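Architecture and fold: a report
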Amino acid sequence: MAEIFKGVFPVYDIEFLIGTVGRTSAESDFVTIADLESLGISIEGNVETWTPMTTAGWARALMTGKSFTMELKGKRNIGDKGNDYVFKNAFEDGVKCSTKAKIVFPDGDSLEFDCILSTTNPGTGDSTNVAALEFTLTSDGKPTYTPTTVVGA
């Protein structure tokens, strides 16, 4: 029987993959990106509020939509397929910036999603720095969250 992951984990145990053929990326097109240093996810919720006459001035609320943004930072690594894909995106626009990405968490849960890739720093910095690679992913539609299935649990 497989052991279920429990406890805290370092962020480097999160596996991040990007599709390198845009929105048509298949499983075999997903790669990691060499020399990533940070990954941050910000989830935004659209909450609509209203105050019906029957609540004595107390507002009601409902989550009516969600989106998320990911900020990723690392170093420019020429020759790495994922790193090169993100770098070249800096000079694209329109549907050429649409792609797929996937996160695999340490417990095996995964999140796969369509997104817009926006490269914000394609390899610049001070003269004594290692060239940076920084980019943002903006969700485009509902992601697919797949929880881990444990046989025999």
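In case you missed it, the structure is sitting above this.
Note that the structure is predicted; figures quoted are calculated from it, not measured.

Focus: the overall build of the protein chain
Tallying secondary structure elements over the protein chain gives one helix and eight strands in all. Counting helices and strands in the order they occur from the N terminus, the protein chain gives β-β-β-β-α-β-β-β-β. Here the protein chain has a C-alpha radius of gyration of 19 Å; the compact-globule value for 153 residues is 15 Å, and the former is much larger. Seen along its three principal axes, the alpha-carbon backbone of the protein chain occupies a region of about 65 × 45 × 35 Å. Burial status across the protein chain gives 31% buried among its 153 residues. Of all intrachain contacts in the protein chain linking residues separated by at least 6 positions in sequence, the fraction that spans at least 24 positions is 61%. Seen as two clouds, the 13 positive and the 21 negative side-chain charges of the protein chain have centres 4 Å apart.

Observations regarding the packing of aromatic side chains
What the rule picks out here adds up to two aromatic pairs. Arranged with centres 5.6 Å apart and planes meeting at 70°, the rings of phenylalanine 87 and phenylalanine 91 form a pair that is edge-to-face. Taking the relative accessible area as the measure of exposure, phenylalanine 87 reaches 22% and is therefore partly exposed. Between arginine 76 and the ring centre of phenylalanine 87, over which it is positioned, the NZ or CZ distance is 4.1 Å.

Structural notes on the pattern of salt bridges
Under the defined criterion, the tally for this structure stands at seven salt bridges. One salt bridge connects glutamate 27 with lysine 102, and the closest N-O pair in it is separated by 3.3 Å. Of the two residues, glutamate 27 is situated in the loop between strand 1 (15-19) and strand 2 (30-31) and lysine 102 in strand 5 (residues 98-104); the sequence distance between them amounts to 75 residues. For glutamate 27, a relative accessible area of 52% translates into the label exposed. The exposure class assigned to lysine 102 is buried, which follows from its relative accessible area of 14%. With a shortest N-O distance of 3.8 Å, lysine 75 and glutamate 37 are connected by a salt bridge. Taken together, the residues span a long stretch of sequence, with lysine 75 in strand 4 (residues 60-75) and glutamate 37 in strand 3 (residues 36-50) at a distance of 38 residues. On the basis of relative accessibility, which here comes to 28%, the residue lysine 75 falls in the partly exposed class.

Observations concerning unusual backbone geometry
Its identity is not glycine, yet aspartate 35 carries a phi of approximately 65°, on the positive side. Mapping aspartate 35 onto the fold places it in the loop between strand 2 and strand 3. Exposure remark for aspartate 35: the relative accessible area of 42% places this residue in the partly exposed category. Of note, alanine 56 is a non-glycine position whose phi angle comes to about 50°, a positive value. Relative to the helices and strands, alanine 56 resides in the loop between strand 3 and strand 4. Assessed through its relative accessible area of 71%, alanine 56 is described here as exposed.

Thresholds, definitions, all that
- Residues numbered from 1 in each chain as written.
- Predicted model: local features only at pLDDT ≥ 70, side-chain atom pairs only at ≥ 80, totals over all residues.
- Heavy atoms only, no water.
- Helix = DSSP H or I, 4+ residues; strand = E, 2+ residues; numbered from the N terminus.
- Rg over C-alpha atoms; globule rule 2.2 N^0.38 Å.
- Buried < 20%, exposed > 50% of the residue type's maximum accessible area, 1.4 Å probe, protein only.
- Contact = heavy atoms within 4.5 Å.
- Lys, Arg positive; Asp, Glu negative; His and termini not counted.
- Charge placed at Lys NZ, Arg CZ, Asp CG, Glu CD.
- Phe/Tyr/Trp six-rings, centres within 6.5 Å; stacked < 30°, edge-to-face > 60°.
- Lys NZ or Arg CZ within 6 Å of the ring centre and 35° of its normal.
- Salt bridge = Lys/Arg side-chain N within 4 Å of Asp/Glu carboxyl O.

Everything listed here is a matter of geometry and, on its own, says nothing about what the molecule does.
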